[in-house]
Amino acid sequence: MRHGGAPVNSRTLPFVRQVEIAIRKQGGNPNRMGGSGRAGKGSGRFNARGRGGKVVAGLPRDGGGWKQDSNGVRFRSRRVVVKARVVKLPARGKATTGRAQKFVTTSKAVDAHLRYLQRDGVTRDGEKGRVYSAFDDEPDGKAFVERGRGDRHQFRFIVAPEDAAEMEDLRSFTRDLMRQMEADLNTRLDWIAVDHHNTGHPHTHILVRGVTDDGKILNIAGDYIAHGIRHRASELVERELGLQSEIEVARKLANEVEAERLTRLDRMLIAEQHEHDLLDLRPNASDSYTISSNRYLLIDRAKRLEHFGLASEIEPGRWVVSDRAESTLRALGERNDIIKTMSTASPMNGARRNMPCTGEPSPKRSSAACSPRVLPAMR
């Protein structure tokens with residue numbers, strides 16, 4: 001709006017800004033720009049230390065962008081979100097007075113985290129979470145925690161393939177991923193995992209002890225945690241489902257129009273407004289291929305955001321997205337996940353699911369329809 005409605009000439013912008021715009025137009029992420037051989041913006045000698053540093057240095061840095069086969073058909077890599085945390089553990093035998101009391105709280109928190117992963121309502125059937133390991137389908141999770149009491153730290157990963165719902169088995173995928181990590185890190189890993197299906201995106205929680213197979217402290221390079229695990233996971237998903245075509249990507253984007261969470265369409269809208277101070281969705285108004293190719297979906301999403309009070313159309317085809325749109329949509333997605341978890345874990349869920357029918361089921365109404373929906377008011 002500062003430009004009075006006139007289009008912004010990108011050539012008048014600073015050179016670095018022009019480069020960022022050009023990278024976004026090609027489907028890249030300007031925040032990952034770096035020097036040769038670097039994994040990302042925050043990479044350096046510290047992030048390259050530890051096991052896996054040399055491996056990740058040899059992985060391609062394509063950023064998951066578009067690829068072409070020999071026939072010129074465009075494909076894109078499968079997306080996998082990986083969240084990682086390194087948790088420092090209490091030292092065994094420490095006193096429980098004064099400052100050391102914090103270690104006791106941390107030790108109890110480790111046990112509490114395992115109970116959280118195994119809580120009710122996280123499986124497809126709404127049952128209690130089941131722990132598994134490399135070779136055992138029902139290992140003793142408490143025994144794993146006890147083995148790691150003397151460890152200096154513990155690694156916690158959340159691995160969420162975008163197409164997890166289409167995959168045959170998350171358990172097999174996780175085991176393949178951990179075997180690949182063992183090869184990259186050159187050590188066997190002591191780990192357990194729990195699959196969660198209580199959110200819109202099925203995902204896996206993985207706990208890894210911070211020791212190598214010979215009892216030494218396991219240090220994993222920061223670059224491998226930030227990029228290597230995600231790359232290996234993406235390769236495994238592609239091996240099972242294949243590369244995703246433009247048609248498949250368009251179908252997924254269409255499913256995001258009505259979503260009550262932060263979506264890729266929202267990120268496109270926010271990025272476009274950030275570059276031009278205004279969101280112009282009129283025909284041929286943007287020279288971005290991403291915007292022009294998804295224009296109708298972006299208009300539908302902008303109208304949805306307007307319904308949420310997070311966007312407004314100042315004139316036909318020209319929009320302004322609220323500065324609080326991203327934070328609000330993230331909070332809305334978390335709220336919906338919590339409601340779904342509570343609805344699945346509610347004691348009334350099983351009672352209502354098993355409620356007998358009072359009448360004979362008709363051809364148009366099966367016996368399954370006799371059970372009322374669970375907690376409709378919470379939706």
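All of these numbers come straight from a predicted model, not from anything done at the bench. (Residues numbered from 1 in each chain as written. Predicted model: local features only at pLDDT ≥ 70, side-chain atom pairs only at ≥ 80, totals over all residues. Heavy atoms only, no water.)

K.L.:
Report on the pairing of strand E5 (residues 153-161), specifying residues and quantitative values.
P.N.:
Among the nine residues that make up E5, eight are buried, leaving the element largely enclosed by the rest of the structure. With six bridges connecting them, E5 and strand E7 (residues 203-209) associate as antiparallel partners. Bridge pairing in E7 places phenylalanine 155 opposite valine 208. (Buried < 20%, exposed > 50% of the residue type's maximum accessible area, 1.4 Å probe, protein only. Helix = DSSP H or I, 4+ residues; strand = E, 2+ residues; numbered from the N terminus. Pairing = 2+ DSSP bridges.)

K.L.:
Could you give an account of the packing of helix H9 (residues 264-276) against helix H11 (residues 295-308), naming the residues involved and the relevant values?
P.N.:
Where H9 meets H11, the axes come as close as 10 Å, and the angle between the chain directions of the two elements is 90 degrees. Classified by the angle between their axes, H9 and H11 sit roughly perpendicular to one another. The segment H9 lies against H11, with Leu265, Asp266, Met268 and Leu269 engaging Leu297, Leu298, Arg301, Ala302 and Leu305. Split by residue class, the contact of H9 with H11 holds seven nonpolar, no polar and two charged. (Axes fitted to C-alpha atoms, helices over the stretch in contact; angles between N-to-C directions. Parallel < 35°, antiparallel > 145°, perpendicular 65-115°, else oblique. Contact = heavy atoms within 4.5 Å. Nonpolar A, V, L, I, M, F, W, Y, C, P; charged D, E, K, R; others polar.)

K.L.:
Explain the sheet that holds E5 to me, using residue names and the numbers behind them.
P.N.:
The strand order across the open sheet built from five strands is E3-E5-E7-E6-E4, with neighbouring strands paired in antiparallel fashion. In the strand order of this sheet, the two ends are held by strand E3 (80-88) and strand E4 (131-132), each with one partner. The sheet contacts of helix H6 (residues 170-185) involve E4, E5, strand E6 (191-196) and E7, and relative to E6 the element is tilted by about 145 degrees. Most of the contacts of helix H7 (residues 222-241) go to E3, to which it runs at about 140 degrees, and overall it touches E3 and E5.

K.L.:
How would you sum up the environment of valine 211? Please name residues and give values.
P.N.:
With respect to the helices and strands, valine 211 occurs in the loop between E7 and H7. When the C-alpha positions of valine 211 and threonine 187 are compared, they lie 9.3 Å apart, and in sequence the two are 24 residues distant. Sequence-distant contacts of valine 211, defined by excluding residues within four places in its chain, comprise Asp151, Lys216 and Leu218.

K.L.:
Mind laying out the packing of aromatic side chains, listing which residues take part and the relevant values?
P.N.:
Enumeration over the complete set of coordinates arrives at two aromatic pairs. Residues phenylalanine 155 and phenylalanine 157 carry aromatic rings whose centres are separated by 6.2 Å and whose planes lie at 5 degrees to one another, so their mutual orientation is stacked. Exposure remark for phenylalanine 155: the relative accessible area of 3% places this residue in the buried category. We note arginine 119 situated over the ring of tyrosine 116; from NZ or CZ to the ring centre the distance is 4.1 Å. Sitting above the plane of the tyrosine 296 ring, arginine 295 keeps its charged end 5.1 Å from the centroid. (Phe/Tyr/Trp six-rings, centres within 6.5 Å; stacked < 30°, edge-to-face > 60°. Lys NZ or Arg CZ within 6 Å of the ring centre and 35° of its normal.)

K.L.:
Hey, could you go over the side chain of threonine 187 for me, with residue numbers and the actual values?
P.N.:
Checked against the element boundaries, threonine 187 lands in the loop between H6 and E6. Exposure remark for threonine 187: the relative accessible area of 4% places this residue in the buried category. Residues contacting threonine 187, with those up to four places away along its chain left out, are Arg51, Glu182, Thr212, Asp213 and Leu218.

K.L.:
Which residues make up the packing of H6 against H7, and what values go with them?
P.N.:
Two elements in contact, H6 and H7, have axes whose closest approach is 10 Å; the angle formed by their N-to-C orientations is 130 degrees. Judged by the inter-axis angle, H6 sits oblique to H7. Crossing geometry of H6 relative to H7 is assigned as right-handed. Residue-level inspection shows Phe173, Asp176, Leu177, Gln180, Met181, Asp184 and Leu185 of H6 in contact with H7, the latter providing Tyr224, Ile229, Arg232, Ala233, Leu236 and Val237. Here the contact of H6 with H7 is composed, by residue class, of nine nonpolar, one polar and three charged. (Left-handed = near helix turned anticlockwise from the far one by under 90°.)

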